[in-house]
Amino acid sequence: MITRTRLAAGTCALLAALAAGLAFPAGAVAGEPTGEDAPKVDLVLDVSGSMRTRDIDGGTRMAAAKQAFNEVLDATPEEVELGIRTLGADYPGDDRRTGCKDTAQLYPVGPLDRTEAKTAVATLAPTGWTPIGPALLKAADDLDGGAGSKRIVLISDGEDTCAPLDPCEVAREIAAKGIGLTIDTLGLVPNAKMRQQLSCIAEATGGTYTSVEHTDELTEKVNQLVDRAADPVVTPVATRGADSCAKAPTLKSGLYTDRAEFGAQRWYRVDVAPGRELRASVSVGADRAVNPSHGVLLRAVTAHGREIVRGEAAGDGRTDVLSTGLRYPKAEGGSDEEPAEAVCLQVTHSFSVASGVKTTPGLPLELTVDVVDGPSDADDVASFGLGRGWWLLGVLVLVGFLAGLLWGWLSRWRFAVWRTN
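Residues numbered from 1 in each chain as written. Predicted model: local features only at pLDDT ≥ 70, side-chain atom pairs only at ≥ 80, totals over all residues. Heavy atoms only, no water.

Let's talk about the sheet that holds strand β12 (residues 254-260)
Taken in spatial order, the five strands line up as β11-β12-β19-β14-β17 in an open sheet, and their pairing is mixed. Sheet topology places β11 (237-238) and β17 (321-329) at the edges, where each strand pairs with a single neighbour. Note: β12 against strand β19 (residues 363-373), seven bridges, orientation antiparallel. Bridging from a neighbouring strand, R259 pairs with P364 of β19. (Pairing = 2+ DSSP bridges. Helix = DSSP H or I, 4+ residues; strand = E, 2+ residues; numbered from the N terminus.)

Notes on the pairing of strand β15 (residues 294-302)
Among the nine residues of β15, nine are classified as buried, and the element is accordingly described as predominantly covered. Where burial is concerned, the two faces of β15 agree: the one with H294, V296, L298, A300 and T302 and the one with G295, L297, R299 and V301 are both buried. Here β15 pairs with strand β16 (residues 307-315) via eight bridges, running antiparallel. Note that in β16 the partner of A300 across the bridge is V309. Where β15 folds back onto β16 in an antiparallel hairpin, the turn is made up of four residues, including G305, whose phi is positive at roughly 95°. Direction of pairing for β15 relative to strand β18 (residues 341-349): antiparallel, over a ladder of seven bridges. (Buried < 20%, exposed > 50% of the residue type's maximum accessible area, 1.4 Å probe, protein only.)

Notes on the environment of P364
Along the chain, P364 falls in strand β19. Separated by 104 residues in the primary sequence, P364 and A260 have C-alpha atoms spaced 6.3 Å apart.

Quick look at the state of the cysteines
For the structure shown, the criterion picks out three disulfides. The partner cysteine of C168 in its disulfide is C200, sulfur to sulfur 1.7 Å. Taking the torsion about the sulfur-sulfur bond, which here is approximately -50°, the covalent link between C168 and C200 counts as left-handed. Note that C168 is positioned in helix α7 (residues 167-176) and C200 in helix α8 (residues 192-204), a separation of 32 residues in sequence. The exposure class assigned to C168 is buried, which follows from its relative accessible area of 5%. The disulfide bridge from C245 ends at C344, spanning 1.8 Å between sulfur atoms. In this structure the cystine formed by C245 and C344 twists about its S-S bond by roughly 45°; its chirality is therefore right-handed. Residue C245 is found in the loop between β11 and β12, and its partner C344 is found in strand β18; the two are separated by 99 residues along the sequence. Across this residue pair, the class does not change: C245 and C344 are buried. Indicated for the protein is the disulfide connectivity 1-2, 3-4, 5-6, based on numbering the bonded cysteines in sequence order. (Disulfide = S-S within 2.5 Å.)

What about the sheet that holds strand β2 (residues 40-46)?
Pairing in this open sheet of six strands is mixed, and the strands run β6-β5-β2-β7-β8-β9 from one edge to the other. Each having just a single partner strand, β6 (103-110) and β9 (209-211) make up the two edges of the open sheet. Mean inter-strand twist for the sheet, computed between neighbouring axes without regard to direction, equals 15°. Each of β2, β5 (81-87) and β7 (150-156) touches helix α3 (residues 61-75); the most contacted strand, β2, lies at about 165° to it. Docked against the sheet, helix α9 (residues 215-229) engages β2, β5, β7, β8 (181-187) and β9, running at close to 165° with respect to β7. (Axes fitted to C-alpha atoms, helices over the stretch in contact; angles between N-to-C directions. Contact = heavy atoms within 4.5 Å.)

Have a look at this one:
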């Protein structure tokens, strides 16, 4: 059993697209890059009054953010369309209703004019409230449209001050729009409550949360996220699993999306030729409030129902995505004409919801299928048979035999020396 880390990291874009039930062209190839639309990034900066605090490299948090922004603007790839949105930058008063509307687009998302963007950033001064939820909703509108990658990078030093509009629920709402948007969050100070909120925002769309305490760390991380937006976007292909192995759709290598209904199974088929290895992983996302203590099970079985291998994972509600994986190497056949084996993949989950929470549609599911050449290289553990008990047992027996001979010889030598003395 393995968990494909790189595939789990890509769950965000898939889950967001799936949540809106996007339909992909019937002729699409699994894992095919999207079109020529430029990648878009919206940098959302907290400019609330707390950004005046001097605890980052001897200067204010605002000064660190400005320096990081200037360096990021210089390093932004030409193909990336970048924008800047602020929250808490304009209203210094005490009226909560007005303060919670204080978000504005400082620089529109589009081709980057570095001088103009730097000039806009230079005018910022810590001012008011921290309306993270409203700012995220507006930022999602900034990025709406087009098929390229979309990423929000939120930089904040505190919790949202505009409850009951929960930023985590806002992030889930954005994911449900199906625009393939990822939110990454950066916290400027180590704070448990802020970390929990920013982590939840990121996890809702498959993004990342990072705590930074130095200007160079902030610059490096924002640069990484902007560069990541320029990476090719892989479009998952929508499929629909069956309720039994016999009716399951046959899948080739690629990324697939589906809906995992509550209390039901999903079945898929993969043909594995002799000398090839099946590697599969599944991720199920909680796009609504679910009860803690849940699990995901991925089983590979033969067409006759015999289990080959399984992968399983359990969660306690701390994350919105649960993933597991498996691998099955098919041994070389006795002849070149031996047909491929039909392997059925069964996906089940034990997520549950409280009374009043909708159970339809099912939870967004990502299935990754990869059929590769079987293990043969010397650096592959499986090629040495370490997964086979007889090989390891043989090594242990040999080592034990040699150790026994050595111990016996030493004992006789010590006894002989004792008698001589």
